[in-house]
Amino acid sequence: MAFVVSSGALATTGAGVLPAYAPMTLRAAPWEYETIWRTQPQVRTVIGFIARNIAQLGVHVFRRISDTDRVRLTDHPMAQLLAEPLPGMTMYRFVERLVSDVALYDNAYGIKLRLDGRLRVLPVPPTLIRPYGGNWIAPEYYETAGGRQFGPDEVVHIHGYSPTDLTYGESPIESLRDLILESDEANKQRRAMWKGGARLTGVLVRPPDAPEWDEKDRRRFREMWRTFSQGGGAEGGTPILEDGMDYKAVGFNPEQAQYIEARKLTREECAAAYFIPPPLIGILDHATYSNIKEQHAHLYQDTLGPWTVMLQQEFGAQLLPDLPDSSDVYCEFNVEAKMRGDFESQAAAMSTMVGGPVMTRNEGRARLNLPSIPGADELIVPMNVVEGGLASPRDTAPGSSSTPDPQPRGLPARKASGRPSTLGTFTAERDALERTLVGFTERQADALLVAAGAKADDEGTGMPDLIELWAQGSEDRLAQLQALLAHHGFRLAQLGAWDVLDVHNPEAENWSAEVMLAWILAAAETHAAQHEEAGKEAVAAVQEAGGDGWRDALQTAAAAWGSAAAARARTASTELRSFGGHDAASASGLTQKIWRTGGTNPRASHKAQNGEAVSLDDVFSNGLRWPGDGQGRTEELVNCNCSLDYEAS
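Counting restarts for each chain: residues are numbered from 1 in the order of the written sequence. Residues qualify for local features only when their pLDDT is at least 70, as the model is predicted, and side-chain atom pairs are given and counted only at 80 or more; totals for whole chains, interfaces and linings, by contrast, use all residues. With hydrogens and water stripped out, all remaining heavy atoms of the structure feed into the side-chain values.

1. Remarks on the sheet that holds strand β3 (residues 107-115)
Across a sheet, paired strands are connected by hydrogen bonds in the backbone, their directions being either parallel or antiparallel. Strands are labelled as partners when DSSP assigns at least two bridges between them. A helix here means a DSSP run of H or I that spans at least four residues, while a strand means a run of E at least two residues long, and both kinds are numbered starting from the N terminus. Pairing within the open sheet is antiparallel, and its three strands lie in the order β4-β3-β8. This sheet does not close on itself; its edge strands, each paired only once, are β4 (118-124) and β8 (155-159). Adjacent strand axes in the sheet meet at a mean angle of 25 degrees when their direction is disregarded. Two elements, β3 and β8, share five bridges in a ladder whose sense is antiparallel. If you follow Ala-108 over to β8, its bridge partner there is Ile-158. Across the sheet, helix α4 (residues 91-105) touches β3, β4 and β8, and the angle it forms with β3 is around 145 degrees. The strands touched by helix α10 (residues 305-318) within the sheet are β3 and β8, with β8 carrying the most contacts at an inclination of about 155 degrees. Helix axes are fitted only over the stretch in contact, all axes being lines through C-alpha atoms; the angle between N-to-C directions runs from 0 to 180 degrees. It only takes one pair of heavy atoms within 4.5 Å for two residues to be counted as in contact.

So, in structure tokens, the structure goes:
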């Protein structure tokens, strides 16, 4: 067996590697692909889907410490290069362009630059640069449209497979060219049909016994017929035929041509060329909730996984050698963030894996953009984990063969009735939220009044800039509002849940209060933002009115804000109780909900739907999922006192 021996470079192998050799492939000009991308929506949709989904991931840089340990690098030159490839260019735009170029041309180029002592990469459209000379292994140089030449070590060239050489990729568009051409011709025919007044090509037949036409009659009829075609002024109208004429269409009609099916087929073929499941780009003929969910789960594994691996390895091979301190350094797309599942699944899996909490209270508050509080920097470990010797805080004390477990696994110990003893009645919990929110609102309003008065007195002028004073405390107010609304909201949601569980599921099987937290926190954020905005609008109205009576006007606005706080507390209480009951009903296998009108003076619409029953996942006739539903119209929500009953169908 013969081997080729070389000193640092490949020697001639007899397979065409000669100093002046270049493969003579007949490739399409790059601007043809550009035209296809600009004019064919199916191609643009598929390429945009790939590029946007990869660009949003972000690229992290790591140093391998050992087989089981690594450390993320944020100040390494590679991390800095990817974060800002050029001044003003983001990582998202850089990756989006690279992926789009590879998807469209199967080639992506970048020129390495040194700016301010740092390595940068200038992405170059494939229409403006190409490899020249060399052999089928490597080009001699790259030349730009302006005639500038760059050595192979000065250019980042990412390309796909070609059956003829190792220096250039062959675009997937080539395999779609005939299909795209057919679609384009169909579009031209369709445009011509609409320009002709939406009439297909046809012929006019005069009966044999029709009177003879002279040249004047022919010209008159021809001019009349042209008014019903492009630019004639009567497009789409109904012409009147003479002398027993008959119009016979020639060619396919839209139904026979199957235009819609053809357009759908073109998109499906484009998706297949890039290995994308059709439902992910809007083709839902055979889509179900379950298979779409599974396809989303596999998106970053089977569809986009090969792309991310390719880019990671290309960055390592073409960029890292030009950077200092790059031993054991590598890049990785943040695919893990997309594969973690929802918040509840992550929390359950993590607590099971580590056997205890993984986050302090202040760390949790930071994720919600809430300020830290004293004494909340230690992990709170459940007593059953510390003293019970359990594998996970989601487990309960194990039972023996003679003594069964007192309650379902995964739930904390409760009283026999199930309802936590600290929860009061709905009225008591609602009143507590109202007192807290109104008191908070009044304190904030008083602080604004004092600050505005002091500002005016110090400056010796009239009304100060109330909007500026308001903005100074806005961030703290929002944080405190979210915290108090979340605290009371969790209690109200639990209360609503146990109202259902006590009747239908006393052991609370398949239900956990913690699952409701994500929704409650989101609702608290929404109510806090709305309440803050209501106060801002009241202050802005005083600012706009101006005048010497601004102090009295500001006091009136403060009082109105306090009244709005009371109404918001009552409305939010109804919503939270309803949500908790709905969550418990779903976990308990109940399938139907019944509207029960409450209060002494209910709305006419609520009174009319008393006793109305719908399926659990449906909405009532007023458009609400439950009383106080924040997604409904305001006039259906404020001060609502209605409730729901549940039953299994």
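From this point on, the discussion continues.
2. Brief notes about the packing of helix α17 (residues 474-504) against helix α19 (residues 550-587)
Axis separation between α17 and α19 bottoms out at 7 Å; the angle between their running directions is 40 degrees. By the angle between their axes, α17 is oblique relative to α19. As α17 runs across α19, the sense of the crossing is right-handed. Residues Arg-477, Gly-489, Leu-492, Ala-493, Leu-495, Gly-496, Ala-497, Asp-499, Val-500 and Leu-501 of α17 form the contact with α19, whose participating residues are Trp-561, Ser-573, Leu-576, Arg-577, Gly-580, Gly-581, Ala-584 and Ala-585. Residue polarity is assigned by list, with Asp, Glu, Lys and Arg as charged and Ala, Val, Leu, Ile, Met, Phe, Trp, Tyr, Cys and Pro as nonpolar; anything else, Gly included, falls into the polar class. A breakdown of the residues in the contact of α17 with α19 according to their chemical character gives ten nonpolar, five polar and three charged. When describing relative orientation, an angle under 35 degrees is termed roughly parallel and one over 145 degrees roughly antiparallel, while 65 to 115 degrees is termed roughly perpendicular and anything else oblique. It is the rotation of the near helix from the far one that decides the hand of a crossing: anticlockwise by less than a right angle makes it left-handed, clockwise makes it right-handed.

3. So, the packing of α4 against α10
Two elements in contact, α4 and α10, have axes separated by 12 Å at closest approach and are oriented at 110 degrees. In terms of their interaxial angle, α4 and α10 are classed as roughly perpendicular. With respect to the hand of their crossing, α4 and α10 are arranged in right-handed fashion. On α10, the residues touching Phe-94, Leu-98, Val-99, Val-102 and Ala-103 of α4 are Trp-307, Met-310, Leu-311 and Phe-315. Taken together, the residues of the contact of α4 with α10 break down into nine nonpolar, no polar and no charged.

4. Details of unusual backbone geometry
Both trends apply: most residues other than glycine have a negative phi, and most peptide bonds are in trans. With a phi close to 55 degrees, Asp-325 is a non-glycine residue in the positive phi region. With respect to the helices and strands, Asp-325 occurs in the loop between α10 and β11 (329-333). A relative accessible area of 54% places Asp-325 in the exposed class. Positive phi outside glycine occurs at Ala-508, with the angle close to 55 degrees. Tracing the backbone through its elements, the reader meets Ala-508 in the loop between α17 and α18 (517-545). Buried, partly exposed and exposed residues are distinguished by accessible area as a fraction of the type maximum, computed with a 1.4 Å probe on protein chains only: under 20%, between the cut-offs, and over 50%, respectively.

5. Topic: the environment of Phe-94
Topologically, Phe-94 is positioned in helix α4. Sequence separation of Phe-94 and Val-121 is 27 residues, and the distance between their C-alpha atoms is 9.2 Å. Beyond its immediate stretch of four places on either side in the chain, Phe-94 contacts Leu-82, Pro-85, Met-89, Val-121, Pro-123 and Phe-315.

6. Examining the packing of aromatic side chains
Note on ring pairs: Phe, Tyr and Trp rings are taken, using the six-membered ring of Trp, and paired if centres are within 6.5 Å. Classes follow the plane angle, with under 30 degrees stacked, over 60 edge-to-face and the rest tilted. Under the definition given, this model contains twelve aromatic pairs. Measuring from centroid to centroid gives 5.8 Å for Tyr-132 and Tyr-141, while their planes differ by 15 degrees, and the two rings are stacked. Classification of Tyr-141 as partly exposed rests on a relative accessible area of 21%. Plain terms: the ring middles of Trp-213 and Phe-221 are 5.3 Å apart, the flat faces sit at 45 degrees to each other, and that makes the pair tilted. Considered together, Trp-213 and Phe-221 belong to a single accessibility category, that of buried residues. An aromatic cluster of at least three residues, connected via ring pairs, comprises Trp-519, Phe-579 and Trp-626. Comment: the charge-over-ring label is applied if NZ (Lys) or CZ (Arg) is within 6 Å of the ring centre and within 35 degrees of the ring normal. A cation over an aromatic ring shows up here: Arg-70 above the ring of Phe-62, its NZ or CZ 3.7 Å from the ring centre. The cationic tip of Arg-577 hangs over the ring face of Phe-426; the distance from NZ or CZ to the ring centre is 3.8 Å.

7. Details of α19
The terminal C-alpha atoms of α19, which comprises 38 residues, lie 54 Å apart, in line with the 56 Å expected from a rise of 1.5 Å per residue. Remark: Gly-589 follows α19 within two positions and exhibits a positive phi of approximately 80 degrees. Under the convention used throughout, the expected extent of a helix is 1.5 Å for every residue step, that is, one less than its residue count.

8. As for the environment of Leu-113
Mapping Leu-113 onto the fold places it in strand β3. Discounting residues that sit within four places of it in the chain, Leu-113 has contacts with Leu-86, Arg-118, Leu-119, Arg-120 and Leu-122.

9. Quick look at the pattern of salt bridges
A side-chain nitrogen of Lys or Arg and a carboxyl oxygen of Asp or Glu constitute a salt bridge if their distance falls within 4 Å. All told, the structure shown has twelve salt bridges when counted by the stated rule. In this structure, Arg-491 and Glu-429 form a salt bridge, with 2.9 Å as the shortest nitrogen-oxygen distance. Placement of Arg-491 in helix α17 and of Glu-429 in helix α15 (residues 426-459) is noted, with a sequence separation of 62 residues between them.

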